[in-house]
Number of protein chains: 2
Amino acid sequence: MLSQDHYKSRALISPAILARCEPVVYELEPSVTLAPATLNAAQRDAYRENGFLFLPDLFTPAEAAGLHDEMQTMRTDFTAAGRAEVIAEPGSSDVRSIFDVHHLSDVFASLMRDPRVLDVAREILGSEVYIHQSRINYKPGFSGKEFYWHSDFETWHTEDGMPAMRAVSCSILLTDNDEFNGPLMLIPGSHQHFISCAGETPDENYKQSLKKQEYGVPDELLLRYLSDLGGITSCKGRAGSVVFFDCNTMHGSNGNITPYPRSNVFFVYNSIENQLQAPQSGLKPRPEYIAARHNLASLEPEPLAIA
Amino acid sequence: MLSQDHYKSRALISPAILARCEPVVYELEPSVTLAPATLNAAQRDAYRENGFLFLPDLFTPAEAAGLHDEMQTMRTDFTAAGRAEVIAEPGSSDVRSIFDVHHLSDVFASLMRDPRVLDVAREILGSEVYIHQSRINYKPGFSGKEFYWHSDFETWHTEDGMPAMRAVSCSILLTDNDEFNGPLMLIPGSHQHFISCAGETPDENYKQSLKKQEYGVPDELLLRYLSDLGGITSCKGRAGSVVFFDCNTMHGSNGNITPYPRSNVFFVYNSIENQLQAPQSGLKPRPEYIAARHNLASLEPEPLAIA
């Protein structure tokens, strides 16, 4: 793969900016059948142009409340159990993230199959899909720390061997996200540019990077360039709203000193045609709960079942 | 003073919430003469009710540009000179704040006397005023850290011996402040409640607290209570806009990962009737560049002179 790698990063070279090679919205393979009401043409165009799409109130308040309860239960139970999937905030024991929630919870396993989200992912990627990674980001009130700017694809390509830009992240708001509590910020149009990062990747980088990323950090000059070109947008809305964003869209979020947590659940849908290869530069693959490699099966749409 | 102190804090007691004793907008002493166009009745009422007032575009773009240039020059010169007034960000050598800017710079010394700001302070406090403290907060792009929630009066009363709530902070935006780059957030109505904080104050606390406050930190439950009551507002506007806020208004700001700095200059106007006494609990007074005690003179209005 390396000899013809379009998206080389962290190879001791200087930062660079490279044009994207792949489509953003893929042609639908004839075998894929979607629910009748998925995206309309304007929504597809907006996603293609901006690299993200925000769908307010996609889930009902009752559904959002049920998902929120499940999240709180998981925080208590899995923190007590000391599971590796639970990541603490830097310099604290507060829960920052829990990974692999679609394996840890029947509710979230059901959520990822709901056609309101799954069929959007299938439509964008034009194929059957599976979950590459799932996680809850808690961002607690008072002390929630920032997530610095990054392209997910930069990490997934380098550390996980994801071949192409054919994955979409789906973030479902589990609390209200407003301008004060550190909502997701995105740079519209940034998905068209691959920011190659300087530096090498240490082994088992994920043990540190999930708290605070130190490798695969984009250059400040290039971030400024992307922001000057596209501006910055944030995703604000009630719990139950959903944002889909391309795997290469530059995004991040500020910390949260407000009393109100800003909690979201992420599902990363990857095309079944885009399964992981070997990581770059002989790195050891990351654990299965961060980057799925085994027992992958295409997801079948099925409405959310929640007590 | 301590025997009849209404606003006891950091005395090893539990957190508490106490009603404010003083007015917010003071009756004007007959000897004070204001410029004809200061605040109107609606603005005075809004300040009294909310504990702050935002005045967009009070200074012209040309004036704002001149102030911005002066700020950048100071950052370079005074950092190079290794002056005590320059405070670094926690865990970094980036400039977080520069204190005493009205003594370090003729431009800022002129700015604090401009009637557009000085007369608002005189009108609110109903008396002649002097500068208790001045500072620039840089909040650089990419790495600017948060300022956690606090009431300035809690610190000034405890560490500086400021007797009463008769001071107003004036923050002049030196860059555009938007929802993304960590604008000042305020809790409307919070100025009517004094949050007494738990814990004792160590000697020379300011050496740490100006980077990151660890004493005089309000209780989370009480912060939540104030926010639930009054909500959260932020001050967004172009460079040259100004916010006045009461010394006891609870405020703070999130960090800034955007490429765009969020820089403001603060002048704290204190009533000449409200000069500092001894700090609480035998603490040593903080340095003059943080809390003025000597050679205080009432400020005379004079229009901003900028090259």
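My aim in this report is to walk through the structure given alongside it, one point at a time. (Residues numbered from 1 in each chain as written. Chains lettered and ligands numbered in written order. Predicted model: local features only at pLDDT ≥ 70, side-chain atom pairs only at ≥ 80, totals over all residues. Heavy atoms only, no water.)

**Some points on the relation of the copies chain B and chain A**
Turning one copy of the chain about an axis and sliding it along that axis gives the other copy, so a rotation and a shift relate them. For the match of chain B to chain A, the screw axis carries a shift of 0.0 Å, the RMSD comes to 0.0 Å, and the turn is 180°. Within this description, the copies of the chain are treated as partners about a two-fold rotation axis. Mapped onto chain A, 100% of the interface residues of chain B again fall at the interface, so both copies present the same surface. (Least-squares fit on C-alpha atoms with pLDDT ≥ 70 in both. Contact = heavy atoms within 4.5 Å.)

**Points about the pattern of salt bridges**
Residues and elements named next belong to chain A. Under the definition given, this model contains 38 salt bridges over all chains. Lysine 284 is the partner of glutamate 204 in a salt bridge, and the nearest nitrogen-oxygen pair spans 3.3 Å. Here the residue glutamate 204 occupies a position in the loop between β9 (193–196) and α7 (206–209), and lysine 284 occupies one in the segment after β13 (264–271), the gap between them amounting to 80 residues. Residue classification places glutamate 204 among the partly exposed positions, given a relative accessible area of 36%. Classification of lysine 284 as exposed rests on a relative accessible area of 55%. When salt bridges that share partners are traced, they join Arg10, Glu154, Glu159, Asp160 and Arg286 into one network. (Salt bridge = Lys/Arg side-chain N within 4 Å of Asp/Glu carboxyl O. Helix = DSSP H or I, 4+ residues; strand = E, 2+ residues; numbered from the N terminus. Buried < 20%, exposed > 50% of the residue type's maximum accessible area, 1.4 Å probe, protein only.)

**A closer look at the sheet that holds strand β6 (residues 147–150) of chain B**
Residues and elements named next belong to chain B. Spatial ordering of the open sheet is given by β6-β12-β8-β10, a layout of 4 strands whose pairing is antiparallel. Taken across any chain shown, the strands that pair with only one partner, and hence form the sheet edges, are β6 and β10 (233–234). Sheet topology note: the β6/strand β12 (residues 251–253) ladder contains 2 bridges and is antiparallel. The residue of β12 that forms the bridge with histidine 150 is histidine 251. (Pairing = 2+ DSSP bridges.)

**Considerations on the interface of chain B and chain A**
Tallying the contact residues gives 26 residues for chain B and 26 residues for chain A. For the pairing of chain B and chain A, the buried interface totals around 2,300 Å² over both sides, and the portion due to carbon and sulfur atoms is 61%. Of all residues in chain B, Phe142(B), Phe180(B) and Ile257(B) give up the largest surface area on contact with chain A, accounting jointly for 31% of the area buried on that side. Counting across the chain B and chain A interface gives 2 salt bridges. With its nearest N and O atoms 2.6 Å apart, the salt bridge here joins Glu179(B) to Lys236(A). Remark: the boundary between chain B and chain A carries 12 residue pairs in polar contact (both at pLDDT 80 or more). The greatest single-element share of the side of chain B that touches chain A, amounting to 5 residues, is contributed by helix α8 (residues 220–230) of chain B. Residues of the side of chain B that touches chain A, tallied by class, amount to 11 nonpolar, 9 polar and 6 charged. (Buried area = accessible area lost by both parts, 1.4 Å probe. Polar contact = N/O pair within 3.5 Å; in protein donor to acceptor, adjacent residues only side chain to side chain. Nonpolar A, V, L, I, M, F, W, Y, C, P; charged D, E, K, R; others polar.)

**Structural notes on unusual backbone geometry**
Excluding glycine, a negative phi dihedral is what most residues carry, and trans is how most peptide bonds are arranged. Residue and element names in this part refer to chain A. One non-glycine residue with positive phi stands out, namely aspartate 57, at about 55°. Checked against the element boundaries, aspartate 57 lands in the loop between β2 (52–55) and α2 (61–80). Note on aspartate 57: relative accessible area 35%, which makes it partly exposed. Look at glutamate 204: it is not a glycine, yet its phi comes out positive at around 55°.

**Some words on helix α5 (residues 115–125) of chain B**
Residues and elements named next belong to chain B. Among the 11 residues in α5, 9 count as buried, and that is most of the element. Those residues of α5 that are buried lie in contact with α1 (41–50), α4 (106–111), β5 (129–137), β7 (167–173), β11 (242–246) and β13 (264–271). Looking one or two residues beyond α5, the residue adopting positive phi is glycine 126, at roughly 70°.

**Points about the side chain of Ser169(B)**
Position of Ser169(B) among the secondary structure elements: in strand β7. Aside from chain neighbours lying at most four places away, what touches Ser169(B) is Asp152(B), Trp156(B), Val243(B), Phe244(B), Phe245(B), Phe266(B), Phe267(B) and Val268(B).

**Some words on the sheet that holds β2(A)**
Residue and element names in this part refer to chain A. The antiparallel open sheet is built from 7 strands, whose spatial order is β2-β11-β7-β13-β5-β4-β3. Where the open sheet ends on each side, the last strands, each with one partner, are β2 and β3 (86–88). Between one strand axis and the next, the sheet turns by 20° as a mean value, whatever way the strands run. Two elements, strand β5 (residues 129–137) and β13, share 8 bridges in a ladder whose sense is antiparallel. In the strand pairing of β13, isoleucine 136 is matched with valine 265. Taken strand by strand, α2 contacts β3, β4 (95–99) and β5, and its axis lies near 95° from that of β4. (Axes fitted to C-alpha atoms, helices over the stretch in contact; angles between N-to-C directions.)

**Brief notes about the environment of Val117(A)**
Looking at the element boundaries, Val117(A) is found in helix α5 (residues 115–125). If near-sequence neighbours (up to four positions away) are discounted, Val117(A) is found in contact with Leu58(A), Phe59(A), Leu111(A), Met112(A), Cys170(A), Ile172(A), Val242(A), Phe244(A) and Tyr269(A).

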